[in-house]
Amino acid sequence: MNHEEHKVVSLINNDDSNENTTETPLQPVKRDRKGIYLLPNLFTTGALFSGFYAVVAGMNGHFENAAIAIFVAMILDGLDGRVARLTNTQSDFGAEYDSLADMVSFGVAPALVAFSWALQDLGKVGWVAAFVYCAGAALRLARFNTQLAVADKNFFTGLASPAAAAIVAGTVWVFSESGMPGRDIAWLMAVVVPIAGLLMVSNLRYHSFKGLDLRGKVPFVAMLAVVFVFVIVSIDPAKVLLGVFVVYALSGPCYEGWTKLKERRNR
C-alpha cells in the first residue's frame, strides 16, 4: 500500500469512528447555593440592635436604658462566637458581620451615650474625648482582625472593646441610677472615656478566657459558684458589673508590671 492509499484508508476509518461515536449531551453544572448560617448571625443581629437602641435611648435622654442595652449587646456578642464554634457554623461572613456590629455596639454607642450624658457640656474637650474612644475601638478591631491568625488565643493585645464599653456604660449606669446628672461628673468622664479608648490600642495583654471548656464536665462546686455569682450580681448589677470590668481593665497593667519585675529578677 502506497502513501496515498494509506491516507484514504485512514480517512475512511476516521469517518466510521465518528459515525459510531455517540455524543454525550452536556449536563448542566450544579452550583451550590450560597447562603449564611442563621443561628450565630441572629445573635450578632441582636447585639447590633442593642447597640443601635443604646444610641437612640441616649439621644432621647434614657441613659440608664442605654447603658443596659450595651451590656445586653455584650452578652449577645459573647454568645454568637461560642454558638458558631459549638455548632461548627463559622464563616468569613459571620466574622466580618460580627466586627461591624462590634464597632456599632462597643465603639459608636458608648461614645455617643457618654457624650449625650456628660461630655457635651465640655464643648470641644467633650467631643474629642468621645472621638478618642471611638477611634480606639475602630483601631482595636482592625488590629484584632489582622492579627487573628498569629495572635495568642489565651490573651488579648489591648483591652477588648466589649470590656471598654462596659466601663463607659457602667459608669453612666451607676451615676444615672443614683440620680446624679452627667454634667456634675463631666470631667471625670472626660478622663475615663479616652483612657478606655487608649487601653484598647495599648500593647497590654489581657486574659481572653477562651481556654474555658464549656462542653466538658465540671465539679458540682462549679455550679454552686455560678449560682453565687448570679446572686452577687443581682444585689446591685450596675455597681458589681462596673467593679468587675474596672478590675479586669487594671489587670492588664498589673500583669505587665509583674511580668517585667519577674524578668528583672531572673537576670
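Residues numbered from 1 in each chain as written. Predicted model: local features only at pLDDT ≥ 70, side-chain atom pairs only at ≥ 80, totals over all residues. Heavy atoms only, no water.

Asker: Report on the overall build of the protein chain, specifying residues and quantitative values.
Answerer: Scanning the protein chain for helices and strands turns up 9 helices and 2 strands. Along its sequence from the N terminus, the protein chain presents helices and strands in the succession α-α-α-α-α-β-α-α-β-α-α. The 267 residues of the protein chain split such that 36% are buried. Just so you have it, the protein chain exposes about 17300 Å², and 65% of that area is on carbon and sulfur atoms. (Helix = DSSP H or I, 4+ residues; strand = E, 2+ residues; numbered from the N terminus. Buried < 20%, exposed > 50% of the residue type's maximum accessible area, 1.4 Å probe, protein only. Areas by Shrake-Rupley, 256 points an atom, 1.4 Å probe, with all protein chains shown as cover.)

Asker: Please give an account of the packing of helix 2 (residues 38–59) against helix 4 (residues 92–117) that cites residues and values.
Answerer: Close contact between helix 2 and helix 4 brings their axes to 8 Å; oriented N to C, the two are set at 15°. In terms of axis orientation, helix 2 runs roughly parallel to helix 4. Regarding helix 2 and helix 4, the two cross each other, and that crossing is left-handed. In contact with Asn41, Thr44, Thr45, Ala47, Leu48, Gly51, Phe52, Ala54, Val55 and Gly58 of helix 2, helix 4 contributes Phe93, Gly94, Tyr97, Asp98, Ala101, Val104, Ser105, Ala109, Leu112, Val113 and Ser116. For the contact of helix 2 with helix 4, the residue count by class is 12 nonpolar, 8 polar and 1 charged. (Axes fitted to C-alpha atoms, helices over the stretch in contact; angles between N-to-C directions. Parallel < 35°, antiparallel > 145°, perpendicular 65-115°, else oblique. Left-handed = near helix turned anticlockwise from the far one by under 90°. Contact = heavy atoms within 4.5 Å. Nonpolar A, V, L, I, M, F, W, Y, C, P; charged D, E, K, R; others polar.)

Asker: Please give an account of the side chain of Asp102 that cites residues and values.
Answerer: Relative to the assigned elements, Asp102 resides in helix 4. Buried and unpaired, Asp102 has no salt bridge, with Arg140 as the nearest side chain of opposite charge at 8.6 Å. Apart from the residues lying within four places of it in its own chain, the contact partners of Asp102 are Asp77, Gly107 and Leu141. (Lys, Arg positive; Asp, Glu negative; His and termini not counted. Salt bridge = Lys/Arg side-chain N within 4 Å of Asp/Glu carboxyl O.)

Asker: So, the nonpolar core: which residues are in play, and what are the values?
Answerer: Ranked by internal contacts, the top residues of the largest apolar core, which has 56 residues, are Leu119, Tyr133, Leu159 and Met189. Listed by contribution, the elements that provide at least two residues to this core are helix 2, helix 3 (63–86), helix 4, helix 5 (124–146), helix 6 (161–177), helix 7 (186–200) and helix 9 (237–266). By residue number, the principal contributor to this core is helix 6, which donates 10 residues. The residues contacting Met189, other than those within four sequence positions of it, are Ala114, Trp117, Ala118, Leu119, Val168, Thr171, Val172 and Pro194. (Core = buried A, V, L, I, M, F, W, Y, C linked by side-chain atoms within 4.5 Å.)

Asker: Which residues make up the side chain of Ser105, and what values go with them?
Answerer: Tracing the backbone shows Ser105 in helix 4. A distance of 2.7 Å separates a polar side-chain atom of Ser105 from the backbone oxygen of Ala47. Setting aside chain neighbours within four positions, we find Ser105 in contact with Ala47, Leu48, Gly51, Ile70, Ala73 and Pro110. (Polar contact = N/O pair within 3.5 Å; in protein donor to acceptor, adjacent residues only side chain to side chain.)

Asker: Before we move on, could you go through the pattern of salt bridges and cite the residues and values that matter?
Answerer: Taken as a whole and judged by the stated rule, the model has 1 salt bridge. Ionic pairing is found between Asp236 and Lys239, a salt bridge with its closest N-O pair at 3.9 Å.

Asker: A description of the packing of aromatic side chains should follow, citing residues and the corresponding values.
Answerer: The geometry of an aromatic ring pair comes down to the distance between the two centres and the angle between the two planes. This model, assessed by the stated rule, comprises 7 aromatic pairs. Considering the side-chain rings of Tyr206 and Tyr248, the 5.4 Å spacing of their centres and the 45° angle between planes classify their relative orientation as tilted. Remark: Tyr248 occurs in helix 9 and Tyr206 occurs in strand 2 (residues 205–207); sequence separation between them is 42 residues. In this pair, the class of Tyr206 matches that of Tyr248, namely buried. Through a chain of ring-to-ring contacts, three or more aromatic side chains come together here, namely Phe71, Trp173 and Phe245. Here Arg205 stacks its cationic end above the ring of Phe155, 4.5 Å away from the centre of that ring. (Phe/Tyr/Trp six-rings, centres within 6.5 Å; stacked < 30°, edge-to-face > 60°. Lys NZ or Arg CZ within 6 Å of the ring centre and 35° of its normal.)

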